[in-house]
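# Fold and geometry: a report
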Amino acid sequence: MTTLFTHPDMLEHRPGLGHPERPERLQAVLDALASAGLDRDRRAATEASVADLERVHPADHVARLLAASPDSGFAQLDADTILSPGSVRAARLAVGAVIDAVRAVAEGQTARAFAAVRPPGHHAEPDQSMGFCLFSNVAVAARVAQSLGMARVAVVDFDVHHGNGTQAAFEADDSLFFASIHQSPLYPGTGAVSETGVGNVVNAPVVPHAAREHWRGAFAGTLMPALDAFAPDLILISAGFDAHRRDPLAHQSLEAEDFAWATRAVLEVARQRCGGKVVSSLEGGYDLEGLGRSAVAHVKALGED
């Protein structure tokens, strides 16, 4: 059974009518998981502490972002990253959910966990919120994992957009590993094969409208051997489901079962390298039907022995 970490207050991040990153996304995931009986071990997330946020983000950036929370209306951070009165608490809960999941795994309460969160995090750079993301949810949780004794932490990101924020947080530290498969060209324009950090970053760009078989080939042939060679103590997944064929923000061809297949590929490495320990965190996915189906397929696969 995969342990689910979430909190209803993440629905209170409301960036405005017509914004793709809307509360209905998280509700669609939670409803789909409930319908499939995959929420039986559901736990309420707690807010990330300022000290934990500062493991990745400079103190002055954290302070600025916390102070930017509006009492009413909106505060715009960039063209598509917008704060409502509930956004900062939602963002701290989103980071906190992934941290809580990592702690549960570190303490042996569970081997697998899924953090159903919003706002997403993988575009948030250490000193800049962007691309719907406020804090770097998974990168912060990776640093917490290291503080708990898991020295080598890997992130596999299959969101259709490149996780520039996670890469920026990791690229100078060879105790961390980042592997991303993403559509290119597409926002944010990073993620070229030539971006390798200190040998700890592997990017697999995929062209628009690529066949599912091509995507799977890149995932299995490029990302998984590098992940295995890194020999992680913990694997985190940035689970974006916007490479689904129905998604309005990209042009990929995946079905829900492709995400299950990718999850099993990660688990195969996890069983060999880190006792099967995997924590996954929701990133993108903007078609509600595709998102719900894909999340179910992913969480089901996560729970397989």
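Here, the structure is the one placed above.
A brief structural summary.

Reading the values: rules and limits
- Position numbers for residues start from 1 in each chain and track the written sequence from start to end.
- Whole-chain, interface and lining totals are the exception, using all residues; otherwise, since this is a predicted model, local features are given only for residues with pLDDT of at least 70 and side-chain atom pairs are given and counted only at 80 or more.
- Think of the side-chain values as coming from all heavy atoms in the structure, minus any hydrogens and water.
- For the purposes of this entry, the term helix denotes a DSSP run of H or I that reaches at least four residues, the term strand denotes a run of E that reaches at least two, and both are numbered from the N terminus.
- This radius of gyration counts C-alpha atoms alone. The globule rule is 2.2 Å times how many residues there are, raised to the power 0.38.
- Exposed residues in this analysis have more than 50% of their type's maximum accessible area, buried residues have under 20%, and partly exposed residues fall in between, with area computed by a 1.4 Å probe over protein chains only.
- The contact rule is simple, with two residues in contact once any of their heavy atoms fall within 4.5 Å.
- Using a 1.4 Å probe, the Shrake-Rupley method yields the accessible areas, and only the shown protein chains count as cover for residues.
- When charges are counted, neither His nor the chain ends are considered; positive counts come from Lys and Arg and negative counts from Asp and Glu.
- Positions of charges follow a simple convention, taking NZ of Lys, CZ of Arg, CG of Asp or CD of Glu.
- If DSSP finds at least two bridges between two strands, the strands pair.
- Axis geometry follows a simple rule: fit a line to the C-alpha atoms, using only the stretch in contact for helices, then measure angles between N-to-C directions, giving values from 0 to 180 degrees.

What follows concerns the overall build of the protein. Of regular secondary structure, the protein possesses 9 helices and 10 strands. For 305 residues, the compact-globule estimate of 2.2 N^0.38 gives 19 Å, and the C-alpha radius of gyration of the protein, at 17 Å, lies within 12% of that figure. In terms of its C-alpha atoms, the protein occupies a principal-axis envelope of roughly 50 × 40 × 40 Å. A total of 305 residues make up the protein; the buried ones form 60% of that total. Counting contacts in the protein only where the partners sit at least 6 residues apart, residues at least 24 apart contribute 76% of the total. As displayed, the protein has an accessible area near 10,800 Å², and 50% of this comes from carbon and sulfur atoms. Between the averaged position of the 25 positive side-chain charges in the protein and that of its 38 negative side-chain charges there is a distance of 6 Å.

What follows deals with the sheet that holds strand β8 (residues 201-206). Within the open sheet, the 8 strands sit side by side as β2-β1-β5-β10-β9-β6-β7-β8. Their pairing is parallel. The open sheet terminates on both sides in strands that have one partner only, identified here as β2 (42-44) and β8. When strand polarity is set aside, the average angle formed by the axes of neighbouring strands in this sheet is 15°. Contacts between helix α1 (residues 23-35) and the sheet are confined to β1 (3-6), β2, β5 (112-115) and β10 (278-282), with β1 contributing the most and set at about 155° to the helix. Lying on the sheet, helix α9 (residues 288-302) is in contact with β5, β9 (234-239) and β10; it crosses β5 at an angle near 160°.

Read these as spatial facts, not as claims about activity.
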